[in-house]
Every structure is written in C-alpha cells, then in structure tokens.
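Structure at a glance
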Amino acid sequence: MSRLLAANLLRLKKSILFRMEMILMVVLGIYVAVVSYISIKEDGVSISLDNGFFHCAIVILILAAALCSLYLGTEYSDGTLRNKVVIGRRRSSVYLANLITCALACIILCALYFAASLCAGLPLLGPFERDPRQIAVYVLCTFLLALTLSALFTLAAMLIQNKAVTVAVCLLGSFFLLLSGIYMDSRLHEPETYPAYSLTVNGEVLPQDDIPNPYYLRGNTRKVYEFLLDFLPGGQAIQIDTKTAAHPERLPLYAVIITVLTTGCGIYLFNRKDLR
C-alpha cells in the first residue's frame, strides 16, 4: 500500500483544488483574527482568541466534501481506479490508501487554519482564555471530525462511479449534516418557559406566571436530540465551533466509531463492486 499512498500524495501535491483550499484556510484564519481585533478597537467589545479559533470545524465540512469527491471522482473518470485493480492491487489497499490521503489532506487544512489563527491572533488578541486542556480537547475533536468526514465522503466517492453525481451527493450531504446540526442545537437551546406580563388599566406592567414553551424538548425526545447532536458530524462541528459541548470527551469516541463503521462498510461494498 506504500506505493499507492506515494502515488496518491504526489497527485494531491499537484492538485490545484487542494492548494486553493490551503490558501483559503490560511486567509480565513488570519481574517478572523484581524476582524476580531478591529471589533475590539472600534466597538470596545471583549473578544479573545478562543472566539473564532474553531471556525474551521464548520468550513471543513464543505471543503472535505469538495476535495474528496473531486479527488476520488477523477480516479473513476480517468480510469485510474480500475487500472490499479487490474494490475493486481488489492481493493482494500486501494480504498485505505484513498481514505488516508483524503484524511491527511483534511487534517492539514485544519492544521493550517490553527497555525494561521495562532500567528495572527496571539499578537492581536492575546492568549486563550479557556484552560489549555480544554483547547487541546477541542483541537483533537476537530482533527477527528476531519477524519470522520473523510471516511464518509470517501465511502460515497468510492461507491459512486459518476463524478458529477459524487460531487453533488457529497456537497449536499455536507450541507445536510451542517443544517441538521444547527437545527438540533437550536431545538436543545429552546427555553423551557417564556416570561409573561399583563398590562393594567393604569398602564402598570405586572408579571404573570411563566408560559410553557411548546417547542422545549423533554424526556426521551431530548435525550435522543442530545445523542444525535454529539454523534453526528454536523452536530459535532457546531459544538466545536461554539465550544458548547456538554460532554466534549464523547465527541472523539463517536468520531472514531463512525470512522471505523464507515470504513468497514466501504471496504466491504467496494470489494463487491463491479468496476466498469
């Protein structure tokens, strides 16, 4: 598999899309820090390096979908994937080499964002306000999220032979994951009650008993939403970005579980796929 990896990494190095995404991550990391600094100077608000340091968790959802689908979709369209199998490469080795390549690319993108954010943010915004151990946990969660996304999009790209369909499925899937995470997070943050007031004839405002919020999640429904928010990549991305995970130690475990299950399923199906 080492030769497959070497060939993949060489092609990745020459990929224009990968280079553009690397530049985008560096620019974004610097931009977030500079904008935060300008807000401090102009508006007098208090903004720390923590605030935008994990925005890459959201961005990587889209970039990973684009990179994996186009990079692996090209292998089908050019006939490279079929040729690898014809010359005797094991299908499992081909699959794992592609997964490792995509995962490494996505992790590099996140690392570039962190590096750019640190280089621009430390002199402008100062050090982190949170405990360094908490920051380290969220950094680990971000890298494992990138690995999970690579596994999901590699699965789609290796099983769909049409490049255009692969790109559409991966991009739509990334937006679905993101929107589902936003929806579940917003539902879980619904207040249990709303304050109520009454107005007397004299114009006096009197407080009343709070009104129950019909959209507040209770019982088992709330537990299901909490689990899905922690388990699904979209929910993980939202929680990493906002640093509001109730149980951040669970996110790496769920990411590893999804990666292992997705990879096992992908190898099984790819071994039985008819390559045309």
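We now turn to the structure provided with this report. (Residues numbered from 1 in each chain as written. Predicted model: local features only at pLDDT ≥ 70, side-chain atom pairs only at ≥ 80, totals over all residues. Heavy atoms only, no water.)

Some words on the overall build of the protein chain
If you tally the helices and strands in the protein chain, you get 10 helices and 2 strands. Listing the helices and strands of the protein chain from first to last along the sequence gives α-α-α-α-α-α-α-β-β-α-α-α. C-alpha atoms of the protein chain, sized along the principal axes, occupy 90 × 45 × 35 Å. Pairs at least 24 residues apart make up 81% of the contacts formed inside the protein chain by residues separated by at least 6 positions. Roughly 14,300 Å² of accessible area belongs to the protein chain as shown, and the carbon and sulfur atoms make up 65% of that amount. The averaged location of the 19 negative side-chain charges in the protein chain is 21 Å from the averaged location of its 23 positive side-chain charges. (Helix = DSSP H or I, 4+ residues; strand = E, 2+ residues; numbered from the N terminus. Contact = heavy atoms within 4.5 Å. Areas by Shrake-Rupley, 256 points an atom, 1.4 Å probe, with all protein chains shown as cover. Lys, Arg positive; Asp, Glu negative; His and termini not counted. Charge placed at Lys NZ, Arg CZ, Asp CG, Glu CD.)

Quick look at the layout of surface pockets
The computed volume of the largest pocket comes to approximately 270 Å³. Residue assignment for the lining of the largest pocket shows that the elements contributing at least two residues are α7 (163-188), α8 (219-231) and α10 (250-271). When residues in the lining of the largest pocket are grouped by element, the largest group, 5 residues, is from α8. Among the residues making up the lining of the largest pocket, the classes are represented as 5 nonpolar, 4 polar and 5 charged. (1 Å grid on protein atoms, 1.4 Å probe; cavity = no way out; pocket = protein on both sides within 12 Å on 5 of 7 lines; lining within 4 Å. Points joined across faces, edges and corners; volume = space filled by probe spheres on them. Nonpolar A, V, L, I, M, F, W, Y, C, P; charged D, E, K, R; others polar.)

Remarks on the packing of helix α3 (residues 56-78) against α7
Orientation of α3 relative to α7, taken along the N-to-C sense of each, is 165°, at an axis distance of 8 Å. Classed by the angle they form, the pair α3 and α7 counts as roughly antiparallel. Crossing handedness for the pair α3 and α7: right-handed. Residue-level inspection shows I58, L61, I62, A65, A66, S69, L70, G73, T74 and S77 of α3 in contact with α7, the latter providing K163, T166, V167, C170, L171, S174, F175, L177 and L178. Classifying every residue of the contact of α3 with α7 by side-chain character gives 12 nonpolar, 6 polar and 1 charged. (Axes fitted to C-alpha atoms, helices over the stretch in contact; angles between N-to-C directions. Parallel < 35°, antiparallel > 145°, perpendicular 65-115°, else oblique. Left-handed = near helix turned anticlockwise from the far one by under 90°.)

Examining the environment of H55
Structurally, H55 is set in the loop between α2 (16-43) and α3. Using a relative accessible area of 28% as the deciding quantity, one classes H55 as partly exposed. The spacing of H55 and C110 is 55 residues in sequence and 9.7 Å in space, taken between C-alpha atoms. Excluding its chain neighbours within four sequence positions, the residues that come into contact with H55 are V32, Y113 and D241. (Buried < 20%, exposed > 50% of the residue type's maximum accessible area, 1.4 Å probe, protein only.)

Section: the packing of α2 against helix α5 (residues 91-125)
Running from amino to carboxyl end, α2 crosses α5 at an angle of 25°, the nearest separation of the two axes being 8 Å. When the interaxial angle is binned, α2 and α5 end up roughly parallel. For α2 against α5, the interelement crossing comes out right-handed. Classifying every residue of the contact of α2 with α5 gives 20 nonpolar, 4 polar and 1 charged.

Description of the pattern of salt bridges
Where charged atoms from two side chains of opposite charge come close, those side chains can pair. Going through the model one piece at a time under the given rule, you end up with 4 salt bridges. Of the charged contacts, one joins D131 and R133 as a salt bridge, the two residues approaching to 3.2 Å between their closest N and O atoms. By relative accessible area, D131 is classed as partly exposed at 30%. Owing to a relative accessible area of 64%, R133 belongs among the exposed residues under this scheme. Across the pair E226 and R222 runs a salt bridge, and its minimum N-O distance is 3.6 Å. With a gap of 4 residues between them, E226 and R222 both fall in helix α8, about one helical turn apart. E226 gets classed as partly exposed once you look at its relative accessible area, which sits at 36%. (Salt bridge = Lys/Arg side-chain N within 4 Å of Asp/Glu carboxyl O.)

Some words on the environment of P195
Counting through the fold element by element, P195 comes out in strand β1 (residues 193-199). P195 sits 16 residues away from I211 along the chain, and the two C-alpha atoms are 6.3 Å apart.

A few points about the side chain of T142
With respect to the element layout, T142 can be found in helix α6 (residues 132-159). One polar contact links the side chain of T142 to the main-chain carbonyl oxygen of Y138, over a distance of 2.8 Å. (Polar contact = N/O pair within 3.5 Å; in protein donor to acceptor, adjacent residues only side chain to side chain.)

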